[in-house]
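Breakdown of the fold
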Amino acid sequence: MSDGSQFDYIIVGGGSSACVVAAKLVTEGKARVLLLERGRAKANPIMHFPAGYMKFLAKDTYLAMHQTKPQPQLDGRGPIVPQAKVLGGGSSVNAMVYMRGQAADFDRWNKAVTARGAKNDGTWSYRDLLPYFKAQEDNDHLAGEFHGVGGPLKVSHLGHTSPMTRTYVKTLQGMGIPYNPDFNGARQFGVGFMQHTIDWRTRRRSSVVDAFLAPVVNNPLLTIETGATVTAIRFDGDRAEGVDYMQGGIRKSASAGREVILAAGAYQTPKILMLSGVGPEDELARQGIRTKIALPGVGKNLQDHYECPVVATTKGAFGYYGQDRGWPMIKAGLQYLLFKSGPVSTTGVETCAFYDPDGNNDEPTIQMFCVPTIYLDRDVTGTAPGDGVTINSLLLRPKARGSVTLASADPFADPVIDTQIFAHPDDLRLTMAGFRFARSVLSASPMRDLIDKEIFPGSDVTTDEAIAAHCKRTVKTGYHPVGTARMGHDGDPDAVLDPELRVRGTRGLRVIDASIMPTIVSGNTNAAVIAAAGKAADLILA
């Protein structure tokens with residue numbers, strides 16, 4: 001029981017960053033740690049299978065489905081954005097892609113925390129974070145300058161790839177995109193097979209719970225409470241001294257002798273800060289919340305990855321349609337259980353390409369995925385699922401910035417998420433360019449030999465206006481929200497955190513999740529969050 005109990009550290013949230021930091025504080029710091037997760041303690045065992053996550057993508061079992069604010073520039077659409085609600089966070093429910101991003105991404109972080117005229121000392125540079133990536137990683141086939149062997153997080157290629165995937169990789173090479181054997185190596189530009197957080201020994205998901213938390217879960221210094229929703233941080237003056245939370249309908253509280261650490265994600269972390277009186281004064285006043293610490297940047301700077309599709313039917317079964325039911329499902333399940341191979345050993349999204357439509361391939365701006373089935377919902381495409389292929393072009397570094405604000409002072413109310421998708425003209429322009437290139441892949445050899453016809457949006461959609469309308473109609477999240485409590489240098493008025501991730505104007509309060517990012521990384525964010533959390537743990541222990 002933690003009601004009124006005293007801990008050294010309280011971690012709010014149980015996702016990727018929380019598990020990494022909790023494990024390190026307990027093992028290296030010998031600290032008493034309370035970890036509070038609002039979701040469940042465990043996901044369905046099916047989620048441990050690489051293909052299993054697809055069973056839960058559209059359900060709210062382990063996801064909080066946020067309805068975002070309608071966007072005028074999307075003709076009034078407000079796309080749904082999910083957030084994990086289970087111990088392990090995104091690492092327990094995601095598609096397991098291990099993608100760090102570009103070296104330049106982290107150098108941009110470093111620039112953001114370095115005051116003008118100050119010496120750039122590499123605090124958050126790629127050079128500084130690479131040792132964390134390597135120390136955490138146990139790669140099944142890569143080592144050397146860019147990869148680690150023997151770390152807790154298992155990283156491997158998938159146990160199975162489809163004919164459509166292999167055809168896509170060959171087609172892109174024929175179109176001038178070089179083969180890249182390692183997107184996490186010296187260069188991101190190219191086409192290849194993605195690495196995943198899958199244990200090659202068991203062909204099961206390697207979540208942060210498996211990699212970092214499981215070894216310490218029985219340590220008496222660690223207390224984990226699930227189904228626990230934090231309602232506010234308690235302050236004594238400017239010092240965070242603990243939290244109040246609800247669990248099973250009962251109000252509880254806990255005290256932190258050293259620090260309260262926020263790891264609730266890019267939507268919930270700013271919400272908790274504002275509910276606690278930390279944030280923009282006008283926003284707090286609007287909700288009748290007394291300002292304790294005025295920080296105008298809380299909830300600003302929201303970024304995410306956004307993607308748009310082109311869909312075609314195929315002349316045969318070259319992907320995974322129908323593999324999740326009936327005899328094909330039984331056969332694939334037996335193959336996986338007996339031999340750890342076959343369709344169940346893949347996430348279904350096995351390959352991507354990185355490039356820049358404007359030609360600066362040293363820093364690609366588009367990540368183009370090949371999904372070997374008709375991927376979109378029937379109400380969007382107007383087409384039933386079937387044998388086909390979906391090519392999604394994802395914008396890596398959008399220029400528009402959204403926000404997270406409060407709907408009310410009710411801690412159980414969802415925050416208001418204003419995505420600002422396509423609010424900057426370059427974001428729509430690059431997305432449209434990515435769509436056009438994705439469409440051209442369908443008609444290039446050898447891909448065209450497998451293609452029957454484009455069904456969505458259809459080959460008659462060719463004008464700029466029609467393509468823009470398609471992108472606005474279909475754009476969706478890449479599940480990578482970041483930036484809403486960003487770090488920055490002392491002269492930055494909108495920086496919520498200092499370079500050591502301490503909340504400005506407070507004592508004993510820190511943020512360690514994806515909210516810290518000044519700018520989004522050029523790839524699936526989980527790997528970067530885990531590495532940044534490793535550094536955060538060292539900052540805390542220091």
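Residues numbered from 1 in each chain as written. Predicted model: local features only at pLDDT ≥ 70, side-chain atom pairs only at ≥ 80, totals over all residues. Heavy atoms only, no water.

1. Looking at the overall build of the protein
The secondary structure content of the protein amounts to 13 helices and 24 strands. For 542 residues, the compact-globule estimate of 2.2 N^0.38 gives 24 Å, and the C-alpha radius of gyration of the protein, at 23 Å, lies within 12% of that figure. Judged by the C-alpha coordinates and their principal axes, the protein covers about 70 × 50 × 50 Å. Within the protein, the proportion of its 542 residues that are buried is 61%. (Helix = DSSP H or I, 4+ residues; strand = E, 2+ residues; numbered from the N terminus. Rg over C-alpha atoms; globule rule 2.2 N^0.38 Å. Buried < 20%, exposed > 50% of the residue type's maximum accessible area, 1.4 Å probe, protein only.)

2. Description of the packing of helix H11 (residues 425-442) against helix H12 (residues 464-474)
It is the contact of H11 with H12, at a shortest axis distance of 10 Å, that shows an interaxial angle of 100°. As summarised for this structure, H11 and H12 are arranged roughly perpendicular, according to the angle between their axes. Contacts between H11 and H12 involve Leu428, Thr431, Met432, Phe435, Arg436 and Arg439 from the former and Asp464, Ile467, Ala468, His470, Cys471 and Lys472 from the latter. (Axes fitted to C-alpha atoms, helices over the stretch in contact; angles between N-to-C directions. Parallel < 35°, antiparallel > 145°, perpendicular 65-115°, else oblique. Contact = heavy atoms within 4.5 Å.)

3. Regarding the environment of Pro163
Relative to the helices and strands, Pro163 is located in helix H5 (residues 163-174). Along the sequence, Pro163 and Pro372 sit 209 residues apart, while their C-alpha atoms lie 8.7 Å from each other.

4. Quick notes on the UniProt feature "domain: Glucose-methanol-choline oxidoreductase N-terminal" (unreviewed entry) in the protein
As recorded in UniProt, the feature "domain: Glucose-methanol-choline oxidoreductase N-terminal" (unreviewed entry) lies at residues 84-107 and 265-279. As annotated, residues 84-107 comprises 38% helix and 4% strand, and the C-alpha atoms at either end are separated by 28 Å. The distance from the first to the last C-alpha atom of residues 265-279 is 16 Å, and the span holds 73% helix and 13% strand. (UniProt positions renumbered as here; feature names shortened; annotations may be inferred.)

5. Topic: unusual backbone geometry
The linkage connecting Ser445 with the following residue, Pro446, adopts the cis geometry, with an omega of 0°. Its place among the elements puts Pro446 in the loop between H11 and strand S22 (451-456). Residue Phe456 is joined to Pro457 through a cis peptide bond whose omega torsion reads 10°. On the secondary structure map, Pro457 appears in the loop between S22 and H12. The backbone phi angle of Asp75 is positive, close to 60°, even though this residue is not glycine. Within the secondary structure layout, Asp75 lies in the loop between strand S3 (63-67) and strand S4 (80-84). Using a relative accessible area of 63% as the deciding quantity, one classes Asp75 as exposed. Despite not being glycine, Gln420 has its phi angle at roughly 60°, a positive value. In this structure, Gln420 sits in the loop between strand S21 (416-418) and H11. Classification of Gln420 by relative accessible area gives partly exposed; the value is 26%.

6. A few points about the pairing of strand S18 (residues 366-371)
Remark: a regular strand shows side chains that alternate across the two faces of the sheet. In terms of burial, S18 is largely enclosed, as six of its six residues are buried. Side chains of S18 alternate between two faces, with Ile366, Met368 and Cys370 and Gln367, Phe369 and Val371 buried alike. Two strands pair when backbone bridges link them, and strand S17 (residues 351-355) and S18 are joined in this way by five bridges, in the antiparallel orientation. Directly across from Thr351, in S18, lies its bridge partner Cys370. The sheet contact formed by S18 and strand S19 (residues 388-395) spans six bridges and is antiparallel. (Pairing = 2+ DSSP bridges.)

7. What to know about the environment of Gly326
Note that Gly326 resides in helix H9 (residues 326-339). Sequence separation between Gly326 and Ala495 is 169 residues; the distance between their C-alpha atoms is 53 Å.

8. Regarding the packing of helix H1 (residues 16-27) against helix H13 (residues 526-541)
Helix-helix packing is characterised by the crossing angle of the two axes and by the distance between the axes. Direction vectors running N to C along H1 and H13 enclose 35°, while the axes themselves pass 8 Å from each other. Relative to H13, H1 is oriented so that their crossing is right-handed. Between H1 and H13, the residues in contact are Ser16, Ser17, Val20, Val21, Lys24 and Leu25 and Asn526, Val529, Ile530, Ala533, Gly534, Ala537, Asp538, Ile540 and Leu541, respectively. Of the residues that constitute the contact of H1 with H13, the class distribution is nine nonpolar, four polar and two charged. (Left-handed = near helix turned anticlockwise from the far one by under 90°. Nonpolar A, V, L, I, M, F, W, Y, C, P; charged D, E, K, R; others polar.)

9. A few points about the state of the cysteines
All told, the structure shown has zero disulfides when counted by the stated rule. Cys370 takes part in no disulfide bond, and the closest cysteine sulfur, belonging to Cys352, lies 10 Å away. Here Cys370 falls in the buried class, since its relative accessible area comes to 0%. (Disulfide = S-S within 2.5 Å.)

10. Remarks on the pattern of salt bridges
Evaluated as defined, the whole model comprises 25 salt bridges. Here Glu137 and Arg100 are joined by a salt bridge, their closest N and O atoms 2.8 Å apart. Separated by 37 residues along the polypeptide, Glu137 in strand S5 (residues 137-139) and Arg100 in the loop between helix H2 (90-93) and helix H3 (103-112) bring together distant segments of the chain. Arg100 shares its class with Glu137; the two are buried. Between Arg108 and Asp105 there is a salt bridge, with its nearest N and O atoms 2.8 Å apart. (Salt bridge = Lys/Arg side-chain N within 4 Å of Asp/Glu carboxyl O.)

11. Brief notes about a nonpolar patch on the surface
On the surface, Trp327, Met329, Ile330, Leu334, Leu338 and Phe339 cluster together to form a nonpolar patch covering roughly 680 Å² of accessible area. Residue placement: Leu338 occurs in helix H9. Assessed through its relative accessible area of 60%, Leu338 is described here as exposed. (Patch = residues over 30% accessible without salt bridge, like charges linked within 9 Å, V, L, I, M, F, W, Y side chains within 5 Å. Areas by Shrake-Rupley, 256 points an atom, 1.4 Å probe, with all protein chains shown as cover.)

12. Notes on H13
Note that an α-helix has 3.6 residues per turn; residues three or four places apart therefore point the same way. Relative to the 22 Å expected for 16 residues at 1.5 Å per residue, H13 spans 23 Å between its end C-alpha atoms, a close match to the ideal helical length. Most of H13 is tucked away, with 14 of its 16 residues classed as buried. (Expected span 1.5 Å × (residues − 1).)

13. As for the packing of aromatic side chains
One pair of aromatic rings is described through two measures. These are the centre distance and the angle between the planes. This model, assessed by the stated rule, comprises nine aromatic pairs. Ring geometry for Phe106 against Trp109: centres 5.1 Å apart, planes inclined by 75°, an arrangement best described as edge-to-face. Placement of the pair is Phe106 and Trp109 together in helix H3, with a separation of three residues, close to one helical turn. The exposure class of Phe106 is buried, given its relative accessible area of 0%. These aromatic residues form a ring-pair network of at least three members: Phe106, Trp109, Trp124, Tyr126 and Phe133. A cation over an aromatic ring shows up here: Arg201 above the ring of Trp200, its NZ or CZ 6.0 Å from the ring centre. (Phe/Tyr/Trp six-rings, centres within 6.5 Å; stacked < 30°, edge-to-face > 60°. Lys NZ or Arg CZ within 6 Å of the ring centre and 35° of its normal.)

14. Observations regarding H12
Turning to H12, its buried residues are Ile467, Ala468, His470, Cys471 and Thr474. Buried residues of H12 fall within an arc of 155° about the axis and therefore sit on the same side. (Arc of directions from axis to C-beta.)

15. Re the environment of Leu395
Mapped onto the elements of the fold, Leu395 is located in strand S19. For Leu395 and Tyr306, which are 89 residues apart along the polypeptide, the C-alpha to C-alpha distance reads 5.6 Å. Residues in contact with Leu395, not counting those within four places in the same chain, are His305, Tyr306, Thr365, Ile366, Asp427, Leu430 and Thr431.

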